[in-house]
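# An overview of the molecular structure
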Amino acid sequence: VEFTLFLDLDLDFFLPSVQLHPDRSVQQWIGALRNMASSNWVLAGRPDAVSPINGGIVLVHTDHNLYEEALTILTRSSRKFQVFSFVDGWEHLGRPHSTVPADDPVWIHPTGSKLIKHNMWKYHGAMMDQGFWFHLTHVRHKKGGDLACLLPHGAEHEPTTLDRPQFEYYHMFDKIFQK
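Residues numbered from 1 in each chain as written. Predicted model: local features only at pLDDT ≥ 70, side-chain atom pairs only at ≥ 80, totals over all residues. Heavy atoms only, no water.

### What about the side chain of Glu91?
- Locating Glu91 in the fold gives a position in the loop between strand E5 (89–90) and helix H3 (96–99).
- Engagement of the side chain of Glu91 in a polar contact is seen with the side chain of His135, the distance being 2.7 Å.
- Not counting residues up to four positions away in its chain, the partners in contact with Glu91 are Ile73, Arg76, Val83, His135 and Arg140. (Helix = DSSP H or I, 4+ residues; strand = E, 2+ residues; numbered from the N terminus. Polar contact = N/O pair within 3.5 Å; in protein donor to acceptor, adjacent residues only side chain to side chain. Contact = heavy atoms within 4.5 Å.)

### A few points about unusual backbone geometry
- Unusually for a residue other than glycine, Asn119 sits at a positive phi of about 60 degrees.
- The buried category is assigned to Asn119, whose relative accessible area is 18%.
- Here Lys142, not a glycine, exhibits a phi torsion of approximately 50 degrees, which is positive. (Buried < 20%, exposed > 50% of the residue type's maximum accessible area, 1.4 Å probe, protein only.)

### Remarks on the packing of helix H2 (residues 64–74) against helix H4 (residues 129–140)
- Running from N to C, H2 and H4 point in directions that differ by 120 degrees, and their axes come no closer than 12 Å. Looking at the two axes, H2 sits oblique to H4. Considering how the two elements wind past one another, H2 and H4 form a crossing that is right-handed. Of the residues in H4, those in contact with Leu66, Glu69, Ala70, Ile73 and Leu74 of H2 are Phe132, Leu136, Thr137 and Arg140. (Axes fitted to C-alpha atoms, helices over the stretch in contact; angles between N-to-C directions. Parallel < 35°, antiparallel > 145°, perpendicular 65-115°, else oblique. Left-handed = near helix turned anticlockwise from the far one by under 90°.)

### Description of the packing of aromatic side chains
- Counted according to the given criterion, the structure contains four aromatic pairs.
- Aromatic pair Phe84 and Phe86: ring centres 5.2 Å apart, planes at 85 degrees, arrangement edge-to-face.
- On the accessibility criterion, Phe84 (3% relative accessible area) is buried.
- Given a relative accessible area of 26%, Phe86 falls into the partly exposed group. (Phe/Tyr/Trp six-rings, centres within 6.5 Å; stacked < 30°, edge-to-face > 60°.)

### A word on the pairing of strand E2 (residues 43–46)
- Covered by surrounding structure in E2 are Leu43 and Gly45 together with Ala44 and Arg46, the residues of both alternating faces.
- Note that E2 and strand E3 (residues 54–61) share four bridges and pair antiparallel. Within E3, the position partnered with Ala44 by the bridge is Leu59.
- With three bridges joining them, E2 and strand E6 (residues 144–146) adopt parallel strand pairing. Within the sheet, the bridge partner assigned to Leu43 lies in E6 and is Gly144. (Pairing = 2+ DSSP bridges.)

Everything listed here is a matter of geometry and, on its own, says nothing about what the molecule does.
Here is the structure:
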């Protein structure tokens, strides 16, 4: 199985639950790779406050057919608005409420779906890599998910939900992990 883990330089490789024990991070990333290998996902990313996929941290399971399909979509037109619109999204498939599956993890994440809940494709990077990855792996093929769902159970428990309520989302692990 071939994977690529892309991290921006400003991201921390060490997971929150093992900040004090960095040697455990490798084991948790291996667990994430195993979980992804047993799922149908080809991309796992992290939603954030400005986009359903933060392009700064993604785990990709290489799929050469999907790569070829992506190139075909991206080269259909030399004018970007013929391939993407803020109203109907990539390939003009429609608005988020009609194209993003109801069971997609982005609807559960407290901030990752904030911008598409308004039924528009207006979020940071919608017309670039982050939006295209979401389109290809969540909308078109339903093969994308939240990286937090792949982490071994327990990896997400720090910081606590008492200190930072937005992390309660991580405790819905079983509800949102789709195999």
